[in-house]
Each structure stands twice: as structure tokens, then as C-alpha cells.
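In case you want the letters, here they are:
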Amino acid sequence: MATKKEEKGPSMIETFQEFKETKNIDRTTLVSVLEESFRNVIAKLFGSDENFDVIVNPDKGDFEIHRNRIVVADGEVADENKEISLTDAQKIAPDYEIGEEVSEDVDFRQFGRRAILNLRQTLASKILELEHDSLYNKYKEKVGKVVSGEVYQTWKREVLLVDDEGNELHLPKSEQIPNDNYRKGETVRAVVLRVDNENNNPRIILSRTSPMFLERLLEAEVPEIADGLITIRRVARMPGERAKVAVESYDDRIDPVGACVGVKGSRVHGIVRELCNENIDVINFSNNTQLFIQRALSPAKVSSITLDVENHKAEVYLQPEEVSLAIGRSGMNIKLASMLTEFTIDVFRVVDENEADEDIYLDEFSDEIDQWVIDAIKKLGLDTAKAVLNAPRDMIIEKADLEEETVDQMLNVLRAEFEQ
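Here's a quick rundown of the structure. Model, not experiment: these values are computed from the prediction.

### Some remarks on the packing of helix 2 (residues 27-46) against helix 4 (residues 112-140)
Relative placement of two packed helices is described by the angle separating their axes and the distance separating the axes. Between helix 2 and helix 4, whose axes approach to 9 Å, the crossing angle comes to 145°. Here the hand of the crossing between helix 2 and helix 4 comes out right-handed. Side by side, helix 2 and helix 4 meet where Thr29, Leu30, Val33, Leu34, Glu36, Ser37, Phe38, Asn40, Val41, Lys44 and Leu45 of the first sit next to Ala115, Asn118, Leu119, Thr122, Leu123, Lys126, Ile127 and Leu130 of the second. Of the residues that constitute the contact of helix 2 with helix 4, the class distribution is 11 nonpolar, five polar and three charged.

Structure, rendered in C-alpha cells:
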């Protein structure tokens, strides 16, 4: 048996080499795709690829295609693709006999530009599909992990980053810290929030506002967390402003809060800078809900707590001077405490009996203050005149969502009552 050798045209070699260095695709898969693509084109040209051998050699950057046909008697060729006459076979090698198999090299050039174009399109389509699958699987495994990317383009609604391999990463405006500023070429860190895959077109969504981002940053900075000696139980964030983190250690010898903060805050300094000066409060987690809520409201000191576990509500009672600390600037402290504990927290002011006689419930001012204003104030846990007067004016405006003029009018009415 003899084999006919013919040199492949340069256009076919270029077609092959264009795809052999494809990124993100392992060698075995690439060889399989290349072979399948060749077979698809052969099947269209000859009606079948069953009697063809396709050999792909990515190391050398070439390929071989052989067609195998059975020798039949002259005049009995029923399928020219699978059979060859004895006379034609003996032109290849004079010792061929009927029933033997003839193997010939196939020169793709003879099928013309259309066949080569068809092959290129098939290859491009299949390899693009494989690249998308590879990218999706790669980043699907990275969801919840921190990645770095270089800023490529900034738009109003999102920032486009590229990783080391040139893959596009999307950082939407809603996932950016309010004070973030991005310049083309700078490196940005974020957590992989999710990977969308609509129509097999992966879209990698990053986040810098997710609690997961703060968790991963803490894991990187605190060895005890990475080693499993300290566990992060809860994280609540108001991105770029303030965050509360509840940690726990199962080893009594380890102070989880101290380990996370570090000497003079050394372990959180870098994280604070990364998060645009976001203040980070670290507290001890507790399965005792009352104690956990008490710690979450730090730096305020709680006098007592009444729980409604079924509805996840808590009524917290504090001394007058502690109310503003519990609520915090713009209501931030109580919001974060509620997020961290997963309880709706209402703050109430503890009033001494003697002082209570001198205080007046807000409802008694309904003839001078609109009831809807009174109701808005009471939702803050401020139900007496002195409680309102002792609360920060800015906090009332922000948390009750009232106009400054409305709040000032109310305060004037309350002050006038006690001045009398």
C-alpha cells in the first residue's frame, strides 16, 4: 500500500496556525475541536467523513487528512468517495488488488477558497464558544474572591476593567464605593459578585460595596482568619462610610477583636484606605441575641432590651445621653446594628420618675404640631418633648426625613413649653 504526499498550501497552514495558540483552551480540547471542524467541512464536501483520517499536530502547527477507499473492479464503482477502480488504484501503486484499501493524502487547496473559508468560520465559531465556556467556568469558581483588573474605560454607569489575560470585567456604578475615582491604567481590586452568561456570552460583574469584599480583605490581612482560628460571622456595610464586623474565636486564648484590629489598628489601616476611609467597627459575636444587639449598638451603653424574636424586633432602652450615640450620625449606627443583628431596633429613652413628671408626651402637642410630624418623630423612638430636645437636630432631619424648617418649628414649640 502506498500513500500519496502533497504539500499543503500556505493559506491552509496559516488558517491552522491562527488557532493553534488559542488562550484558555487545553491542548487535548483544541485538537478535538480542530479535528471536528475539518470533519464538518469534509462531510459537506463528500457527503460523509467516515472514511477519512484527520491527524492534527499542534506542536508542529500542521495537519494531515487521508481518504481511505476500497479497490473494486473497473466499472463497479458505486461511491467514488469510498471506492476506487482497480485501474486508478494501480496508477498509485501497481501492486494494488481488488478488496484492498487505498489511503491518499487530501490536498485541501483543490476544494477552493469556499472550503477554506468554511473551515475558518467553523473553527472561529467553535473556538469562540470554547473560550466563552472556559471564561465562564474560570470566573464562576472565583465568585466571592478578590481579583485585580486594570481600568480600561470609564462610563457613567460602569467601569470596564481587564485582567492579565485581557478578559473584560465590569464594575457597575451601583457596586462602586461613592468616593471611588478611576483613572485609565490604574489597578483596581474588587470581589467577583456574579457571572452572567446570557447567550453563552459571559459577563463578569465585580463589586466593591459587597460585604464579601470586606470579608476577603480581612482574611488577607488577618492570618488567624485565614488559618480558621477566627471566624467572621456577620458583616454590615454602608460603603465608604462605616462598617460593623462580628467575629468569633473558638480558642479562649485568642481575642478575636484585638487580632482583627491589630496593634493601634495596624491590621485594618490598609483596608480602611482601600475602602475610601470606611470606618470599621469590630465586635464579638454572640448567640445571645440581647448581648449581640447591645454590642452592635456600641459605643452606646444599653440599659435594657425587650425582644420580639418572632418578628425580629427589639426595643432598646438607653439613658438620655446615650440615645444620640446609639442612633449615630445620620442614623448610621442604628442602621448598621440592625443590618448586623438582623433585628429591627427601636430606641427608647429611659426617663426617671421625677423627670417624667416634668416631661410631656409628643401627642399632647397635636394642636400645635401636625400629627404626621409627630408620628415621624415617634418612629425614631423619641416620644417625649425632652427626648426630642436632647436628640441631635441633624439626626432628626435625616432619619425622620423632614425638612429643616419643619424640624426647627417643632423644636421651637417644644422649647417654648419648658421656658414657660
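Having seen the model, we can carry on.
### Section: the sheet that holds strand 12 (residues 242-249)
One open sheet accounts for three strands, arranged 11-12-13; its pairing is mixed. Of all the strands in the sheet, just strand 11 (230-238) and strand 13 (279-284) have a single pairing partner and so form its edges. The average angle at which neighbouring strand axes cross in this sheet is 20°, direction not considered. Where strand 12 meets strand 13, six bridges bridge the pair, whose relative direction is parallel. Each residue of the ladder has a partner; that of Ala243, found in strand 13, is Ile280. The strands that helix 11 (residues 332-341) touches are strand 11, strand 12 and strand 13; relative to strand 11, the one it contacts most, it runs at about 135°.

### Points about unusual backbone geometry
Phi is mostly negative for residues that are not glycine, and the peptide bonds are mostly trans. Cis rather than trans, the peptide bond between Ser298 and Pro299 has omega equal to 15°. Tracing the sequence through the fold places Pro299 in the loop between helix 9 (289-296) and strand 14 (302-308). Positive phi values are uncommon outside glycine, yet Cys276 reaches one of about 60°. Looking at the secondary structure, you find Cys276 in the loop between helix 8 (266-274) and strand 13. With relative accessibility at 19%, the residue Cys276 sits in the buried group. Phi at His312 takes a positive value of approximately 55°, unusual for a residue other than glycine. Of note, His312 is situated in the loop between strand 14 and strand 15 (313-318).

### A closer look at a negative patch on the surface
Where like charges cluster on the molecular surface, the negative patch consists of Glu364, Asp367, Glu368 and Glu417. Looking at where Glu364 falls in the secondary structure, it is placed in the loop between helix 12 (353-358) and helix 13 (371-378).

### A closer look at helix 9
The set of residues buried in helix 9 consists of Phe292, Ile293 and Ala296. Buried residues of helix 9, seen end-on, are gathered within an arc of 100° and therefore sit on one face of the element. For helix 9, the N-terminal cap is Asn288; the gap from its side-chain oxygen to the backbone nitrogen of Gln290 is 3.1 Å.

### Describing the nonpolar core
Leu297, Ile377, Leu382, Val388, Ile396 and Met410 are the most contacted members of the largest nonpolar core, which totals 49 residues. Ignoring sequence-local partners within four residues, the contact set of Leu382 consists of Val323, Val347, Leu362, Ile377, Ala387, Val388, Ala391, Met395 and Ile396. With 23 residues, the next largest nonpolar core counts Ile230, Val235, Val245 and Val272 among its residues.

### Overview of the side chain of His66
You can see His66 is positioned in strand 3 (residues 62-72). Here the side chain of His66 touches Glu64 through a polar contact of 3.0 Å, side chain to side chain.

### What about the packing of helix 5 (residues 211-221) against helix 8?
It is the contact of helix 5 with helix 8, at a shortest axis distance of 10 Å, that shows an interaxial angle of 145°. Relative to helix 8, helix 5 is oriented so that their crossing is right-handed. From helix 5, Phe213, Leu214, Leu217, Leu218 and Glu221 reach across to helix 8, where they touch Arg267, Ile271 and Glu274. When its residues are assigned to classes, the contact of helix 5 with helix 8 shows five nonpolar, no polar and three charged.

### So, helix 11
Of all 10 residues in helix 11, eight are buried; the element is thus mostly enclosed. Residues of helix 11 that are buried: Met332, Asn333, Ile334, Leu336, Ala337, Ser338, Leu340 and Thr341.

### Considering the environment of Glu129
Within the element layout of this structure, Glu129 appears in helix 4. Distance from Glu129 to Asn201, taken between C-alpha atoms, is 8.6 Å for residues 72 residues apart in sequence.

### Brief notes about the pattern of salt bridges
Summed over all chains, the structure comprises 25 salt bridges. The residue Arg216 makes a salt bridge to Glu219 at a minimum N-O spacing of 3.0 Å. Of this pair, Arg216 and Glu219 both sit in helix 5, separated by three residues, roughly a single helical turn. The partly exposed category is assigned to Glu219, whose relative accessible area is 29%. Arg242 serves as the salt-bridge partner of Asp281, at 2.7 Å between the closest nitrogen and oxygen.

What counts, and at which threshold
In every chain, residue numbers begin from 1 and rise along the written sequence. The model is predicted, so local features are restricted to residues of pLDDT at least 70 and side-chain atom pairs to those at 80 or more, both for listing and for counting; the totals for chains, interfaces and linings are taken over all residues. The side-chain quantities take in all heavy atoms of the structure and omit both hydrogens and water. Axis definition: a line fitted to C-alpha atoms, over the contacting stretch in the case of helices. Angles run 0 to 180 degrees between N-to-C directions. In DSSP terms, a helix is any run of H or I states spanning at least four residues, a strand is any run of E spanning at least two, and both are numbered starting from the N terminus. Helix crossings get a hand from a simple test, with the near helix turned counterclockwise from the far one by less than a right angle marking a left-handed crossing and a clockwise turn marking a right-handed one. Working rule for contacts: check all heavy atoms of both residues, and any pair within 4.5 Å makes them a contact. The residue classification treats Ala, Val, Leu, Ile, Met, Phe, Trp, Tyr, Cys and Pro as nonpolar and Asp, Glu, Lys and Arg as charged. All others, Gly included, are polar. Only strands that DSSP links by at least two bridges are regarded as paired with each other. Exposure classes here rest on a 1.4 Å probe applied to the protein chains alone. A residue is buried below 20% of its type maximum, exposed above 50%, and partly exposed in between. For patch detection, residues must exceed 30% relative accessible area and be free of salt bridges, and they are connected within 9 Å for like charges or within 5 Å for nonpolar side chains (Val, Leu, Ile, Met, Phe, Trp, Tyr). What sets the accessible areas is the Shrake-Rupley method with a 1.4 Å probe; for residues, cover comes only from the shown protein chains. Salt bridge, as used here: a side-chain nitrogen of Lys or Arg that lies within 4 Å of a carboxyl oxygen of Asp or Glu. The charged-residue count follows a simple rule in which Lys and Arg add positive charge and Asp and Glu add negative charge, with His and chain termini not counted at all. Throughout, a charge is located at the NZ atom of Lys, the CZ atom of Arg, the CG atom of Asp or the CD atom of Glu. Along the arc lie the directions from the helix axis toward the C-beta atoms. Polar contact is the term for a pair of N or O atoms within 3.5 Å; when the atoms are in protein, one must be able to donate a hydrogen and the other to accept it, and sequence-neighboring residues count only if both atoms are side-chain atoms. To form a nonpolar core, buried Ala, Val, Leu, Ile, Met, Phe, Trp, Tyr and Cys residues must be joined to one another through side-chain atoms within 4.5 Å.

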